[in-house]
Amino acid sequence: MSDTTHLPSDLHRATQGPLLQQRIPSGSAAINDSSGSPHAQHYQYHSNTNNSLIDNEDYDDKVATRRSRIYRWIVILIMSISGDGWSYEASVMSSVLNLPTFLHHMGYEKELPNVANMLIGPIYSLGQLIGGLIGGYIADTFGRKMTLILGTTFTLLSTSLLIWAPDVYVLIGARVIQGAAIGLLILGFQVYTAEVASKNERGMLSGTSLVSGNLFSTFAAAIAFGVTYTTGNWGWRLSLAVSFIPSVVLLMLLPFVPETPRYHYQKGREAKAREVMVRFHGTRDGKLTAASEAEFDAMIAAIKYDQEASNIGWSAFVNTPAARFRTFCALSSQLIWPWAGQSVWTYYFGRVYRYAGITEDHTSFAINLALSVAMIFTSLFGSWLSDQIGRRLSFLIGIGQAVAFMLVQWALAVLYLDSESEIGSGSGSVVGYVFVSCYFVSQLLWVAFFSPVVYLYLTELFPGPLRARGFALGNAVSMLAGFVAMVTAAPTMDALKGWVCVMAESFKYANTHTHYITHMC
């Protein structure tokens, strides 16, 4: 028997994060808390049977009643109405910014000039950065529900401004508010789900917001496709108004949703925390199962440990080697998506389609609609798959396929599309469809493998007391990188054309290689 101090397995998971257990070898390792006193911890991949009730999800599934499980799923599904802000926002705004009627309303002909487009599109990322940072404080101070309530209220305000928008300046302001709203909603939902869902269902339930976002994106894309045949302003306004539906529904249902057990306990309400825990994981007679009782006790132990070790401040992100490694893993994972080729396609898809020789508006909007429909099913499949094959494999497949397809797009662009003297002529109309198809297929695989796990890295790597602020930091890194990528996308493409794919691909490869070598995924 080792003389090291053994902490409960869930306490280890809360302080180090489940993803890191895949990297840390078995054996003993000493780390220091913020006070400098050593705490030896024994890392093992497998616990023995007598001490692993909390890890035995099969046991929990057999004992817990169907009623509590269904209740847990319904609550999270209600929360998921907030949607995945990125997929909905990207689909709606990319369509609206390319609608002829909208462009005419704003006083432009075929497309927005680079300066206006760079402000209207990417400025959303700065708004989300602000919203995410504020959301970390709100979630820890006023609760996960309040974060969602505030985000929903901002969504209603921004949507109203977007529909009314008489000029570009109002549009830019509305986009900032919209970004802040989505930053709050994503953080609130992901943190809530991480603290309520069981371990073996966390990936699937976390991905429900992605499915929800794609559902509403499809409605908006269908409307946008339909209004390409109209000449009035009501069409693009109706497309934007779709976001009223989930916002109003969520705002009406949130008062009936409980706060998380962890938040209640952190605020000194242990009895309420237990009551909510029973509703989410209890038996028919109102008691916790053996597994959920052990999980509840471990949650309390983890909170007390972090409080006694002063492991709840901002310094806890960097005060030990393990903390610095954990923070590096989580934040670096958020730098991938901005450079995955989506930046050009999102807000400049009209220009990209014309570059590929597809000049007919109805065709380009029909392709976008088809992609939105297909993404509903791939996001649903991907959310389920992440719990089956693990986060790391999903992460690597998502990035790997994107690199492969981007290389094909680069070859097509450099060898054929860049050489066309006239857009839409010669091989452009044929090769262009292959070029666009590569993005279509790659985006479906991206949504199936990468999108469901990117937020899980933030919620699962950081321990409970740091989860909201850690998510906020990750969101800030992600949105800042996204803003830079989207602002530079159009002028870079104009200057380099096909070579822009090489720049994005090389950045992605460097990140993938780093993740693979250090086993961070």
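Residues numbered from 1 in each chain as written. Predicted model: local features only at pLDDT ≥ 70, side-chain atom pairs only at ≥ 80, totals over all residues. Heavy atoms only, no water.

(A) Broad picture of the nonpolar core. Formed by 47 residues in total, the largest nonpolar core has its most connected members in Phe102, Leu240 and Phe435. At six residues, the largest contribution of residues to this core is made by helix H22 (residues 428-449). If you look at the next biggest cluster of nonpolar residues, it comprises 34 residues, including Val191, Ala330, Val403 and Val453. (Core = buried A, V, L, I, M, F, W, Y, C linked by side-chain atoms within 4.5 Å. Buried < 20%, exposed > 50% of the residue type's maximum accessible area, 1.4 Å probe, protein only. Helix = DSSP H or I, 4+ residues; strand = E, 2+ residues; numbered from the N terminus.)

(B) Region of interest: the packing of aromatic side chains. Counted by the stated rule, this structure contains 11 aromatic pairs. Between Tyr355 and Phe435, the aromatic rings sit 6.0 Å apart at their centres with planes inclined by 80°, giving edge-to-face as the arrangement. Here Tyr355 is found in helix H19 (residues 342-355), whereas its partner Phe435 is found in helix H22, with 80 residues between them in sequence. Neither Tyr355 nor Phe435 differs from the other in exposure class; each is buried. Seen from their ring centres, Phe395 and Phe450 are 5.2 Å apart, and the 40° between their planes marks the pair as tilted. Remark: Phe450 occurs in the loop between H22 and helix H23 (451-454) and Phe395 occurs in helix H21 (residues 391-415); sequence separation between them is 55 residues. Residue Phe395 shares its accessibility class with Phe450, and that shared class is buried. Across from the ring centre of Trp314, 5.4 Å away, lies the NZ or CZ of Arg469, which sits over that ring. (Phe/Tyr/Trp six-rings, centres within 6.5 Å; stacked < 30°, edge-to-face > 60°. Lys NZ or Arg CZ within 6 Å of the ring centre and 35° of its normal.)

(C) Spatial organisation of a nonpolar patch on the surface. Taken together, the side chains of Tyr137, Phe142 and Met146 present a nonpolar region at the surface, about 340 Å² in accessible area. The topology assignment puts Tyr137 in helix H8 (residues 123-141). Among the residues examined, Tyr137 registers a relative accessible area of 53% and is labelled exposed. (Patch = residues over 30% accessible without salt bridge, like charges linked within 9 Å, V, L, I, M, F, W, Y side chains within 5 Å. Areas by Shrake-Rupley, 256 points an atom, 1.4 Å probe, with all protein chains shown as cover. Salt bridge = Lys/Arg side-chain N within 4 Å of Asp/Glu carboxyl O.)

(D) Representation of helix H14 (residues 244-253) in the model. Those residues of H14 lying buried are Pro246, Ser247 and Leu250. All buried residues of H14 fall inside an arc of 100° around its axis, so they share one side. Summarising the contacts, the buried residues of H14 are in contact with helix H4 (66-79), helix H9 (144-164), helix H10 (168-196) and helix H12 (208-227). (Arc of directions from axis to C-beta. Contact = heavy atoms within 4.5 Å.)

(E) Spatial organisation of the confidence of the model for the chain. Scored by pLDDT, the chain comes out at a mean of 76, with 77% of its residues at no less than 70. Mean pLDDT across the secondary structure elements of the chain bottoms out at strand S1 (residues 27-32), with 32, and peaks at H9, with 92. Counting contacts from residues 421-428, a segment whose pLDDT is below 50, to residues more than four positions away or on other chains yields 15 contacts. Across residues 512-521, where pLDDT falls below 50, the model places 25 contacts with residues more than four positions away in sequence or in other chains. (pLDDT = per-residue confidence, 0-100.)

(F) Looking closely at the packing of H12 against helix H20 (residues 361-389). At a minimum axis separation of 9 Å, H12 and H20 run at an interaxial angle of 165°. Our classification of the angle between H12 and H20 gives roughly antiparallel. The element H12 and its partner H20 pack so that their crossing is left-handed. Here H12 contributes Thr208, Leu210, Val211, Asn214, Leu215, Ser217, Thr218, Ala221, Ala222, Ala224 and Phe225 to the contact with H20, which in turn contributes His362, Phe365, Ala366, Leu369, Ser372, Val373, Met375, Ile376, Ser379, Leu380 and Ser383. Tallied by class, the residues present in the contact of H12 with H20 amount to 14 nonpolar, eight polar and no charged. (Axes fitted to C-alpha atoms, helices over the stretch in contact; angles between N-to-C directions. Parallel < 35°, antiparallel > 145°, perpendicular 65-115°, else oblique. Left-handed = near helix turned anticlockwise from the far one by under 90°. Nonpolar A, V, L, I, M, F, W, Y, C, P; charged D, E, K, R; others polar.)

(G) Highlighting the side chain of Ser442. Relative to the assigned elements, Ser442 resides in helix H22. Sequence-distant contacts of Ser442, that is, excluding residues within four places in its chain, are made with Gln401, Ala402 and Phe405.

(H) Seen up close, the pattern of salt bridges. Tallying each qualifying case throughout the model produces 10 salt bridges. Across the pair Arg144 and Asp140 runs a salt bridge, and its minimum N-O distance is 3.5 Å. Considered together, Arg144 and Asp140 belong to a single accessibility category, that of buried residues. Arg467 is paired through a salt bridge with Glu195; the nearest N and O atoms lie 3.3 Å apart. Placement of Arg467 in helix H25 (residues 464-496) and of Glu195 in helix H10 is noted, with a sequence separation of 272 residues between them. Residue class for Arg467 comes out buried when judged on its relative accessible area of 11%. One connected set of salt bridges, linked through shared partners, spans Asp140, Arg144, Glu195, Arg467 and Arg469.

(I) Up close: the packing of H9 against H14. Their axes nearest at 10 Å, the elements H9 and H14 cross at an angle of 150°. Classified by the interaxial angle, the pair formed by H9 and H14 is roughly antiparallel. Classified by chirality, the crossing of H14 by H9 is left-handed. Residues Ile149, Thr152, Thr153, Thr155, Leu156, Thr159, Ser160 and Ile163 of H9 form the contact with H14, whose own contacting residues are Phe244, Ser247, Val248, Leu250 and Leu251. Partitioning the contact of H9 with H14 into residue classes produces seven nonpolar, six polar and no charged.

(J) Expanded view of the environment of Phe102. In this fold, Phe102 is placed in helix H6 (residues 100-105). Residue class for Phe102 comes out buried when judged on its relative accessible area of 1%. Along the chain, Phe102 and Thr231 lie 129 residues apart, while their C-alpha atoms are 9.6 Å from each other.

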